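One-letter residues, chain by chain:
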Amino acid sequence: MPPIKGTALATEFKKTRKSFEIMDAASRTTVKASSLRWQILRQALLRHPPPLITEKEEEEEEEEEEDRSETHIKRISRKASPGFNLIPHHVVEEDDDGASASGSLKSSGHAREARVCYTLPVDGAPRLFLRQRVDEYADLSDFEICNKYNVDNTGLVCQWPSEDILAYFCLSHAHMFSYKRVIELGSGYGLAGLVIAAVSEASEVIITDGNPQVVDYIQRNIDANSGAFGATRTNSMTLHWDQEEISDISNAFDVIIASDCTFFKEFHNGLARIIKLLLKKAGPSEAFFFSPKRGNSLEKFLETIKQNGLCFSVTEIYDTQVWERHQAFMEGKDSWPSYEKDHCYPLMVRITI
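Not measured: the values here are computed from a predicted model.

A. How the structure looks around the overall build of the protein. When you go through the protein residue by residue, the secondary structure sums to 13 helices and 13 strands. Classification of the 353 residues of the protein by burial places 49% in the buried group. Pairs at least 24 apart in sequence give 74% of the contacts found in the protein among residues at least 6 apart. Element-wise, carbon and sulfur atoms account for 50% of the exposed surface of the protein, whose accessible area totals about 17,000 Å².

If you want it as structure tokens, here you go:
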């Protein structure tokens, strides 16, 4: 089936989701997230099938867009915000994959991709090149994967603002990871884990996600930057938070990192469980989560953390530059029209055993 134009599907998706929320509230039943996702999608498609674009229309659109690299940067992200932009990045031309103009796009299966260069703002730090999806289309195969593995596809959506801040924090505190075993949860494209592998002397970095499509991107990004990691062992892994058997990596890590992983409350128990299993019991170990409050989702997660016998602390001001950028957004000095503290500014949560 051809890709579906994102805007039309999103509109129907929201309408249908609202109707299902009302139905669910009325019946007081609990609907599994993956099942609800399929019901919403099915009804949205049947009610008002979105228009499909022709190859000619797509070619014309690509010709117009290939004039400016900045345009492609905006289209890489489905998020409606500019983000904190703490690590400069731009779309670059292909090299080993085939020569093309700066800001070019490449197709991989149904999805279109761009190769993005992240310039780490530290003297002597290497540049990192990440392959990321372009934002225009939602493909049914994505939902099939979500349903099969009971995960969602937020890792494919964009480089989220919290991931940007986590990566910047790791860059600014590289000494924290020296000679440590580090694992990133819910990594998306893996920027923060790649930063640690590139600029610290960590002994090992494992970059994980529960969505195998996302893990494929992570591994490709590891392969593309392997020359920047020095002696740090760097690998990807598919890790579902409800996974029963993780004996080969349990009680193994000095540091866990994650960003924006606390929004979905149905995953809180699994996330708290996996943190407790992964953290090293002998000697100091800790997890750093960067998450906005997002209603009461973070509060509920911290309650779950406590119920699982873990300790935590929450820090609001953890980096001067991040805080100054936040204040500028709040005062309207920088352009982020929809900026709200509770939804956009991640707090730093430190979790210990």
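B. Expanded view of the sheet that holds strand β13 (residues 347–352). With mixed pairing, the 7 strands of this open sheet are ordered in space as β9-β8-β7-β10-β11-β13-β12. Bordering the open sheet on either side are β9 (233–238) and β12 (311–315), each of which pairs with just one other strand. Neighbour-to-neighbour, the strand axes of this sheet turn through a mean angle of 20 degrees, independent of strand direction. Bridging between strand β11 (residues 286–291) and β13 involves 5 bridges; their strand directions are antiparallel. Within β13, the position partnered with phenylalanine 290 by the bridge is methionine 348. This element, helix α8 (residues 191–199), spans β7 (181–185), β8 (204–209), β9 and β10 (255–259) of the sheet and lies at about 170 degrees to β8.

C. Local environment of the pattern of salt bridges. Applying the stated criterion across every chain yields a total of 11 salt bridges. Taking the shortest distance from any N to any O, the salt bridge between glutamate 113 and arginine 220 comes out at 2.9 Å. Pair noted here: glutamate 113 is in strand β4 (residues 111–119) and arginine 220 is in helix α9 (residues 212–225), with a separation of 107 residues, a long-range link. For glutamate 331, the salt bridge is made with lysine 333, and the minimal N-O distance between the two is 3.0 Å. Each member of the pair, glutamate 331 as well as lysine 333, carries the same accessibility label: exposed. A single salt-bridge network, built from bridges that share partners, covers Glu113, Arg131, Asp216 and Arg220.

D. View of the packing of aromatic side chains. Applying the stated criterion across every chain, the model contains 17 aromatic pairs. A ring pair is formed by tyrosine 189 and tyrosine 217, whose centres lie 5.4 Å apart and whose planes are at 85 degrees; its orientation type is edge-to-face. In this pair, tyrosine 189 is assigned in the loop between β7 and α8 and tyrosine 217 in helix α9, connecting sequence segments 28 residues apart. Grouping residues by exposure puts tyrosine 189 and tyrosine 217 together as buried.

Cut-off values and rules
- Residues numbered from 1 in each chain as written.
- Predicted model: local features only at pLDDT ≥ 70, side-chain atom pairs only at ≥ 80, totals over all residues.
- Heavy atoms only, no water.
- Helix = DSSP H or I, 4+ residues; strand = E, 2+ residues; numbered from the N terminus.
- Buried < 20%, exposed > 50% of the residue type's maximum accessible area, 1.4 Å probe, protein only.
- Contact = heavy atoms within 4.5 Å.
- Areas by Shrake-Rupley, 256 points an atom, 1.4 Å probe, with all protein chains shown as cover.
- Pairing = 2+ DSSP bridges.
- Axes fitted to C-alpha atoms, helices over the stretch in contact; angles between N-to-C directions.
- Salt bridge = Lys/Arg side-chain N within 4 Å of Asp/Glu carboxyl O.
- Phe/Tyr/Trp six-rings, centres within 6.5 Å; stacked < 30°, edge-to-face > 60°.

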